[in-house]
Amino acid sequence: MRQNLDNWLDAYSARAHNLSVSEVRALFAVVSRPEVVSLAGGMPYVAALPKDLLREAYDAMMKSNGDLAIQYGGGQGDAKLRDQTRELMALEGIRSSVEDIVITTGSQHGLELLSGLFLDKGDVVLAEGPSYVGALGIFRHYQAHVEHVLTDNDGMIPSALESTIKALKAQSRKIKFLYLVPNFANPSGVTLAKARRAKILELCRKNHILVIEDNPYGLLFFDKPVPDALRSMDEEGIVYLGSFSKILAPGFRVGYVLAPPAIRDKLVLANESAILCPSSFSQMMISSYLEHADWKGQVETFRGVYRERRDAALSAMEEHLPQLETTRPDGGFYLWVTLPDGLDSKAMLPLAVKELVAYTPGTAFYGDGTGQNKLRICYSYPTPDRINLGIKRLSTVINLQTELQETFGKKGKK
Ligand code: PMP
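Rules used throughout
- Residues numbered from 1 in each chain as written.
- Predicted model: local features only at pLDDT ≥ 70, side-chain atom pairs only at ≥ 80, totals over all residues.
- Heavy atoms only, no water.
- Near = heavy atom within 4 Å.
- Polar contact = N/O pair within 3.5 Å; in protein donor to acceptor, adjacent residues only side chain to side chain.
- Helix = DSSP H or I, 4+ residues; strand = E, 2+ residues; numbered from the N terminus.
- Buried < 20%, exposed > 50% of the residue type's maximum accessible area, 1.4 Å probe, protein only.
- Pairing = 2+ DSSP bridges.
- Right-handed = clockwise from strand over helix to strand, strands pointing away.
- Salt bridge = Lys/Arg side-chain N within 4 Å of Asp/Glu carboxyl O.
- Axes fitted to C-alpha atoms, helices over the stretch in contact; angles between N-to-C directions.
- Parallel < 35°, antiparallel > 145°, perpendicular 65-115°, else oblique.
- Left-handed = near helix turned anticlockwise from the far one by under 90°.
- Contact = heavy atoms within 4.5 Å.
- Phe/Tyr/Trp six-rings, centres within 6.5 Å; stacked < 30°, edge-to-face > 60°.
- Lys NZ or Arg CZ within 6 Å of the ring centre and 35° of its normal.
- UniProt positions renumbered as here; feature names shortened; annotations may be inferred.

**Things to note about the site of the ligand**
Step number 1: The full set close to the ligand counts 13 residues, and Ser107, Asp214, Tyr217, Ser243 and Ser245 are the nearest of them.
Step number 2: Here an oxygen atom of the ligand and a backbone polar atom of serine 107 are 2.8 Å apart.
Step number 3: The separation between an oxygen atom of the ligand and a polar side-chain atom of serine 245 is 2.6 Å.
Step number 4: Sort the elements by how many residues they give to the shell around the ligand and helix α4 (residues 106–118) lands first, with three residues.

**A short note on the pairing of strand β3 (residues 124–129)**
Step number 1: Burial within β3 is extensive, with six of its six residues counted as buried.
Step number 2: Bridge count between β3 and strand β4 (residues 145–152): six bridges; the pairing is parallel. Across the sheet, valine 124 pairs through a bridge with histidine 145, a residue of β4.
Step number 3: Taken together, β3, helix α5 (residues 133–141) and β4 constitute a β-α-β crossover, and its handedness is right-handed.

**A closer look at the pattern of salt bridges**
Step number 1: Overall, the coordinates contain 15 salt bridges when judged by the stated rule.
Step number 2: Residue glutamate 35 pairs with arginine 33 through a salt bridge whose shortest N-O separation is 3.1 Å.
Step number 3: A salt bridge links aspartate 83 to arginine 86, with the nearest nitrogen and oxygen atoms 3.1 Å apart. Of the two residues, aspartate 83 and arginine 86 are both situated in helix α3 (residues 79–90); the distance of three residues between them amounts to about one turn of the helix.

**Here we look at the packing of helix α2 (residues 51–69) against helix α9 (residues 280–292)**
Axes are the key here: two packed helices are described by the angle between their axes and the distance separating the axes.
Step number 1: The contact between α2 and α9 brings their axes to 8 Å, and the two run at 125°. Classified by the interaxial angle, the pair formed by α2 and α9 is oblique. Note on packing geometry: the crossing formed by α2 with α9 is right-handed. Between α2 and α9, the contacting residues are Leu53, Leu54, Ala57, Tyr58, Ala60, Met61, Asn65, Leu68 and Ala69 on the first element and Ser280, Phe281, Met284, Met285, Ser288, Tyr289 and His292 on the second.

**Focus on the packing of aromatic side chains**
Step number 1: Summed over all chains, the structure comprises 12 aromatic pairs.
Step number 2: Centre to centre, the rings of tyrosine 306 and phenylalanine 333 are 4.7 Å apart; their planes meet at 55°, and the pair counts as tilted. Of this pair, tyrosine 306 sits in helix α10 (residues 295–320) while phenylalanine 333 is found in the loop between β10 (325–326) and β11 (334–338), placing the two residues 27 residues apart along the sequence. Here tyrosine 306 and phenylalanine 333 have matching classes, each one buried.
Step number 3: Here the basic side chain of arginine 303 rests over the ring of phenylalanine 221, its NZ or CZ set 3.9 Å away from the ring centre.
Step number 4: Over the aromatic face of tyrosine 45 sits the side chain of arginine 309, whose NZ or CZ is 4.0 Å from the ring centroid.

**Re the UniProt feature "domain: Aminotransferase class I/classII large" (unreviewed entry) in the protein chain**
Step number 1: Per the UniProt annotation, the sites labelled "domain: Aminotransferase class I/classII large" (unreviewed entry) are residues 53–392.
Step number 2: Across residues 53–392 one finds 44% helix and 17% strand; the C-alpha atoms that close the span lie 37 Å apart.

**Side note on unusual backbone geometry**
Step number 1: The residue after glycine 129, namely proline 130, is reached through a cis peptide bond having omega 5°.
Step number 2: Along the chain, the position of proline 130 falls in the loop between β3 and α5.
Step number 3: Following asparagine 186, the chain continues to proline 187 via a peptide bond in cis, the omega torsion being 15°.
Step number 4: Considering the arrangement of structural elements, one finds proline 187 in the loop between β6 (175–180) and α7 (194–206).
Step number 5: Despite not being glycine, phenylalanine 184 shows a phi value in the positive range, around 50°.
Step number 6: In this structure, leucine 356 is a non-glycine residue whose phi angle is positive, near 70°.
Step number 7: Among the secondary structure elements, leucine 356 is positioned in the loop between α11 (345–354) and β12 (357–358).

Rendered as structure tokens:
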């Protein structure tokens, strides 16, 4: 029998010891059972994408570019797709040159490349509190310290950013960049208010801190478009990340980075070193899709699907858990829920799975172990009925835990 002993433990790099199972991925096996309503993983509802659109894009691509699509390509990515991404970014006020865009294997890969370029052990990354679990995993892998900046329903608070920078500077800590998800953030669902954007940029400019703007959800608004991207206000101090995962499909694994020329050159080298080139096949499929399909109409369809699910999630919260505070996102995939004091969402998860519902515990979204009384609900994948059922099941667990806490927790403190 094969044993799960690791004979190479002392051979790993120091960095490798910081690779740990993400709390989100660890859940996948359990929650993919059909009887469990999963409000956990942030999966796009790709069933809302008519597959004929992809078939047509494929046929057109093979007809015009068949051999190139199955060949190696350039390390910076396909020139035509880079040009097409300019149109996407222009929807959020960004003016860009095709020269400054690098295609990556999803924006996750963009974050990985940027972390490799900038982070040494002990460096500080500033991030919202809470922040995207996948980014935190990369920063941890590079042995960086994540300093969370206080965030409310309008996103990161500029005065909190200012005092955090001041305190870190007083300790002579090296701040490498500020990582931000300004629109419909993962996990909070909140959007950085327009008035705060300029202030945050001003603080970063003044303190010579690079900003990484990660924006996979910006086009998935429900009522009104998001404020212009940070990148539309500053070209030199910002690296912008975009992705096709949420507005098309994550299976292609295509994202893009818009960076100032010096960083862009390094990114191309890093891309070539890591993967030679991004997938020609995926890039050309997407390029053909953008050319031939009504992609804006499809984004509108996705918006409608997610708006209906957001509504289902909020009304289920009002019906079953009216006492709990939750964010009210205007786009994207997520609700961020605050549990009563003393409840621990991680400890509660096995009980929830027993009740056939899953969510992501709040601690996954902090680098410092906080967030115990928070949890993320992702409404993008289950149907509205299943969302209601899932939140109803969740209320059974939360209400019981609250009762137990009120009865025994307080007694225990006497
Ligand atoms: N950034 C954020 C905020 C995300 O939510 C995700 C996916 N969940 C990513 C980046 C990675 O997306 P991808 O690699 O599929 O482009």
